Amino acid sequence: MAQSVVHMATSRSRTPSYLTKNRLGIYQFQYRVPRRFTVNSNTLQRLRKSLATRDRNTALILARRWAVVLDDISQAYGNQPENYSNAVRALVKHSKQVPIGLPQIKEVVAGKPVAQMPIQLNTKSSFSLSGALKKYLAEKRKTWSPKAIAANERNLGLKIETFIQIVGDKDCAILNTPHVLDYKGKLLQLPANRTKRKEYRSLTLDEVLVMDIPESHLLSAETLSGHLNKVSAFLDWGYRNGLMKADLKLPLQRVIKKPKHAISQRDAFSPNDLKKLFNSDQYLNGTHKQPSHFYVPLLALFSGARQNELCQLYKADVYQERETGIWVLDINEDGEEKHLKKPSHARLVPIHPKLIELGFIEFVKRVTTQRLFTDLKFKRDGYGQSFSRWFNETYRNSNNCNVGQKAGEHKNFHSFRHTFITCLTNKHNTPQHKLAHIVGHRPGDGSETIQRYTKLTELKDRYNIIRQIEWDSIDFSAIQTLRTA
């Protein structure tokens, strides 16, 4: 079989080897027929065709069309040198700027006149937006870890599919700036959770767009920014790969003001909040129905770990480090349905003595399953999703603790992380590079905890930092240890 023409260009080259310019700046498609098909001196040995354009993107689209047709010929006549030569001759003779397709070539090779087969010449890329999305996801998939593929595809695909739904599943080659501007304007009018809210889920996109959507229902700035960034990257990929004739990403950039820094999006819990949470009826009377309900908030309070990092723990992730004898939480994504926001978030977090006193290690030893909190089920956003719902319904409920319900407050489970970081920073003056390793921020990030590169903090050092934490507003002696069957 002949080598694929489409892959003649190296991955590093931005211009395929089959695309050249003449001295007037007009692009040409060129191709050397494989030696085994040149059966005699009269056989066509070299193909060169003017693409009649000085526009690089149009030339890339046309050249790719020529390359694809030549690959089709190789597939059809790979074992028939004479017919292969005739097919290439038919391609050259009956094609102008745009090549005829394999069905028409087969008719010529079979002796039928090409005049019976009308050819509609155009400069379309032959890639619809939905087709381009499939190729884009396939390319991106190779850069993702196996555990992250499903979540990343869903997140990326849904956002770009919204773009396609708004502008229509057009050929990439005819996509233009007005289409992108139309998308941007309509995206700003869409409500959040459009397919879930009962007011909108049964309506078409056009029906939703003519509605007067309350401002409180509209997509948040952070969500809008996510949509625009993902679609912008997709359009940039399409332009760089010759599927789109223009750089269309510019109208989508700097549209939404950068969301607030993560530290300001959630408030830390106050001492009174902590008292309400951990001296609640559930903790004082030992009425928690599930192990995760009892231990996950306590783990967050003494580790600063993220909700999903705790909810997806395996029994094997809790162990006594051999050299130091320190009990640790091994935060990792080594296991089925385990995922970290970033690979750099993997770390060892020493377990605070208070957690051991409250029976956490004894609980772990009694677990006979792979996962630590088997009461939690995996959902779209991981194991933390069902736990988050329980936490909000229980502790943010006005009939119970009523935490974070005052006007202007922004408190949820993630507030444990802010409370932990604030305590170590303000009360214990913990160096920021050491805190970064404990809470899973990457040193040198520049936007999170650390501002310069430092060496990895030793486990003993981390343990000495964590063990000094005390929460004076909580009466831990009053907490009833978890009751298990």
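Right above here is the structure, for reference.
Residues numbered from 1 in each chain as written. Predicted model: local features only at pLDDT ≥ 70, side-chain atom pairs only at ≥ 80, totals over all residues. Heavy atoms only, no water.

### Section: the overall build of the chain
What counts here: Going along the chain from the N terminus, every DSSP run of H or I of four or more residues is numbered as a helix, and every run of E of two or more is numbered as a strand. Contacts are assigned to residue pairs that have any heavy atoms within 4.5 Å of one another. Method for areas: the Shrake-Rupley scheme with a 1.4 Å probe, in which residue coverage is limited to the protein chains shown.
Scanning the chain from N- to C-terminus turns up 19 helices and six strands. Contacts in the chain between residues far apart in sequence, at least 24 positions, make up 64% of those at least 6 positions apart. Here the chain has roughly 25,800 Å² of accessible surface; of this, 48% comes from carbon and sulfur atoms.

### So, the packing of helix H4 (residues 129-141) against helix H8 (residues 221-240)
What counts is decided by this rule: The angle between two axes is taken between their N-to-C directions and runs from 0 to 180 degrees, where each axis is a line fitted to C-alpha atoms and a helix contributes only its stretch in contact. Each angle is binned into one of four classes, with values under 35 degrees roughly parallel, values over 145 roughly antiparallel, values of 65 to 115 roughly perpendicular, and all other values oblique.
It is the contact of H4 with H8, at a shortest axis distance of 11 Å, that shows an interaxial angle of 95°. One way to sum up the angle between H4 and H8 is to call them roughly perpendicular. Contacts from Leu129, Ala132, Leu133, Lys135, Tyr136 and Glu139 in H4 reach Ala233, Phe234 and Trp237 in H8.

### Focus on the nonpolar core
Stated precisely, the cut-off is as follows: In these notes, a set of buried Ala, Val, Leu, Ile, Met, Phe, Trp, Tyr and Cys residues joined through side-chain atoms within 4.5 Å is what counts as a nonpolar core. Each residue's exposure class comes from its accessible area (1.4 Å probe, protein chains only) as a fraction of the maximum for that residue type: buried when under 20%, exposed when over 50%, partly exposed otherwise.
Counting residues in hydrophobic clusters, the biggest one holds 58 residues, and the most contacted among them are Phe278, Leu329, Phe360 and Phe416. With eight residues, the top contributor of residues to this core is helix H12 (residues 291-303). Apart from the residues lying within four places of it in its own chain, the contact partners of Phe278 are Tyr283, Pro297, Leu298, Leu301, Phe416, Ile474 and Ile479.

### Observations regarding the packing of aromatic side chains
Rules: Each Phe, Tyr or Trp ring, with Trp reduced to its six-membered ring, pairs with another whose centre is within 6.5 Å; inter-plane angles below 30 degrees give stacked pairs, above 60 give edge-to-face pairs, and intermediate values give tilted ones. Lysine and arginine charges are scored as sitting over a ring when NZ or CZ, respectively, is within 6 Å of the ring centre and within 35 degrees of the ring normal.
Summed over all chains, the structure comprises 23 aromatic pairs. With centroids separated by 6.2 Å and ring planes inclined at 15°, the aromatic side chains of Phe234 and Trp237 adopt a geometry described as stacked. With a gap of three residues between them, Phe234 and Trp237 both fall in helix H8, about one helical turn apart. Judged by its relative accessible area of 4%, Trp237 falls in the buried class. When the centroid spacing of 5.9 Å and the interplanar angle of 15° are considered together, the rings of Phe363 and Phe373 count as stacked. Placement of Phe363 in helix H15 (residues 360-366) and of Phe373 in the loop between H15 and helix H16 (384-395) is noted, with a sequence separation of ten residues between them. Judged on exposure class, the residue Phe363 and its partner Phe373 are both buried. Taking NZ or CZ as reference, Lys338 lies 4.3 Å from the ring centre of Tyr314, over its face. Between Arg371 and the ring centre of Tyr383, over which it is positioned, the NZ or CZ distance is 3.6 Å.

### Side note on the side chain of Gln312
By the element assignment, Gln312 lies in the loop between helix H13 (307-311) and strand S4 (318-320). Judged by its relative accessible area of 2%, Gln312 is buried. When neighbours within four sequence positions are excluded, Gln312 is seen to be in contact with Asn332, Glu337, Lys338, His339, Leu340 and Tyr383.

### Observations regarding the pattern of salt bridges
Applicable threshold: Whenever a carboxyl oxygen of Asp or Glu lies within 4 Å of a side-chain nitrogen of Lys or Arg, that contact is scored as a salt bridge.
Evaluated as defined, the whole model comprises 14 salt bridges. Taking the shortest distance from any N to any O, the salt bridge between Glu199 and Arg197 comes out at 4.0 Å. According to the relative accessible area criterion, Glu199 is partly exposed, its value standing at 35%. Salt-bridge contacts for Asp236 lead to Arg240; the nearest nitrogen and oxygen are separated by 2.9 Å. With Asp236 and Arg240 both in helix H8 and four residues apart, the pair spans about one turn of that helix. You can call Asp236 buried: its relative accessible area is 18%.

### Topic: a positive patch on the surface
Put simply, the test is: Within this analysis, patches are made of residues with over 30% relative accessible area and no salt bridge. Like charges are joined at 9 Å or less; nonpolar side chains (Val, Leu, Ile, Met, Phe, Trp, Tyr) at 5 Å or less. In this tally, Lys and Arg are treated as positive and Asp and Glu as negative; His is ignored, and so are the chain termini. Each charge is placed at NZ for Lys, CZ for Arg, CG for Asp and CD for Glu.
On the surface, a cluster of positive charge is contributed by Arg32, Arg35, Arg46 and Arg48. With respect to the helices and strands, Arg32 occurs in strand S2 (residues 27-32).

### A few points about the sheet that holds S2
The pairing of strands in a sheet happens through backbone hydrogen bonds and is either parallel or antiparallel. We count it as follows: Strand pairing follows a simple DSSP-based rule, namely that at least 2 bridges must link the two strands.
Strand order in the open sheet formed by three strands is S1-S2-S3, with antiparallel pairing between adjacent strands. Whereas interior strands pair on both sides, the edge strands pair on one side only; in this sheet they are strand S1 (19-21) and strand S3 (46-50). Averaged over all neighbouring strand pairs, the angle between strand axes comes to 30°, with direction disregarded. Lying over the sheet, helix H1 (residues 56-77) contacts S1, S2 and S3, oriented at roughly 25° with respect to S2.

### Remarks on the sheet that holds strand S5 (residues 327-331)
Taken together, three strands build an open sheet; the order of strands is S4-S5-S6 and the sheet is antiparallel. Strands at the two margins of the open sheet, each flanked by one partner only, are S4 and strand S6 (347-350). Strand-to-strand, the axes of this sheet are offset by a mean angle of 35°, without reference to chain direction. One ladder, built from three bridges, connects S4 with S5; its direction is antiparallel. Counted as the bridge partner of Val318 is Leu329 from S5.

### Things to note about the packing of H1 against helix H2 (residues 81-94)
The test is simple: Helix crossings are classified by the rotation of the near helix relative to the far one: an anticlockwise turn of less than a right angle makes the crossing left-handed, while a clockwise turn makes it right-handed.
It is at 9 Å that the axes of H1 and H2 come closest, and there the two elements cross at 155°. One way to sum up the angle between H1 and H2 is to call them roughly antiparallel. Crossing geometry of H1 relative to H2 is assigned as right-handed. Residues Trp66, Val69, Leu70, Ile73, Ser74 and Tyr77 of H1 form the contact with H2, whose participating residues are Pro81, Asn83, Tyr84, Ala87, Val88 and Leu91.

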